[in-house]
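# Observations on chain architecture
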Amino acid sequence: MANFDNEKIQEYLKSGAVVLDVRTDAEYAEGHVPGSEHIVLDRIPGNIQTVKDFGKQIIAVCRSGARSGQATDFLKQHGVDIINGGPWENVDQYV
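This section reports on the structure supplied with the text. Just so it is clear, the model here is predicted, and its values are computed rather than measured. (Residues numbered from 1 in each chain as written. Predicted model: local features only at pLDDT ≥ 70, side-chain atom pairs only at ≥ 80, totals over all residues. Heavy atoms only, no water.)

### A look at the pairing of strand β3 (residues 58-62)
Buried residues dominate β3, accounting for five of its five residues. Across the two faces of β3 the burial is the same, with Ile 58, Ala 60 and Cys 62 and Ile 59 and Val 61 all buried. Here five bridges tie β3 to strand β4 (residues 82-87), and the two strands are oriented parallel to one another. Bridging across to β4, Ala 60 finds its partner in Asn 84. A crossover links β3 with its parallel partner β4, the connecting element being helix α4 (residues 66-77), and its sense is right-handed. (Buried < 20%, exposed > 50% of the residue type's maximum accessible area, 1.4 Å probe, protein only. Helix = DSSP H or I, 4+ residues; strand = E, 2+ residues; numbered from the N terminus. Pairing = 2+ DSSP bridges. Right-handed = clockwise from strand over helix to strand, strands pointing away.)

Shown next, in the form of structure tokens:
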């Protein structure tokens, strides 16, 4: 597993960050961070404004950290304050 910045994750959560889960509908249905937002990775480009409208910092999560990393890189390019939280369970432990 890649090394995710757990201190930064906790810092973002304390400031009210939104957890954005980019896994598939089936994966999300199997379990997710309570209160998280769900937008499948391939739908992110069409939902940039939706993400911006959350009006908060974002922590992206998926199963391993790869898809959330792609979402993080993409949304950062569009001015979103976002970090890669990695696997959703990694963030769930702090919620």
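Additional details are given in the paragraphs that follow.
### A short note on the sheet that holds strand β2 (residues 37-38)
Taken together, the four strands give an open sheet; going across it, the order is β2-β1-β3-β4, and neighbouring strands pair in parallel fashion. Only two strands of the sheet have a single partner each, and these edge strands are β2 and β4. Bridge count between strand β1 (residues 18-21) and β3: four bridges; the pairing is parallel. Looking across to β3, one finds that Val 18 is bridged to Ile 58. Along the sheet face, α4 touches β1, β3 and β4 and points at about 175° away from the line of β4. (Contact = heavy atoms within 4.5 Å. Axes fitted to C-alpha atoms, helices over the stretch in contact; angles between N-to-C directions.)

### Some thoughts on the nonpolar core
If you look at the biggest cluster of nonpolar residues, it comprises 16 residues, and the most contacted ones within it are Leu 20, Val 22, Ile 44, Val 51, Ile 58 and Leu 75. Secondary structure elements with two or more residues in this core: β1, α3 (48-53), β3 and α4. Considering each element in turn, this core owes the most residues, three residues, to β3. When residues no more than four places from it in sequence are discounted, the contact partners of Leu 20 are Glu 37, Ile 39, Ile 44, Val 51, Ile 58, Ile 59, Ala 60, Val 61 and Leu 75. Residues Val 19, Ile 59, Ile 83 and Val 91 belong to the second largest nonpolar core, which totals 11 residues. (Core = buried A, V, L, I, M, F, W, Y, C linked by side-chain atoms within 4.5 Å.)

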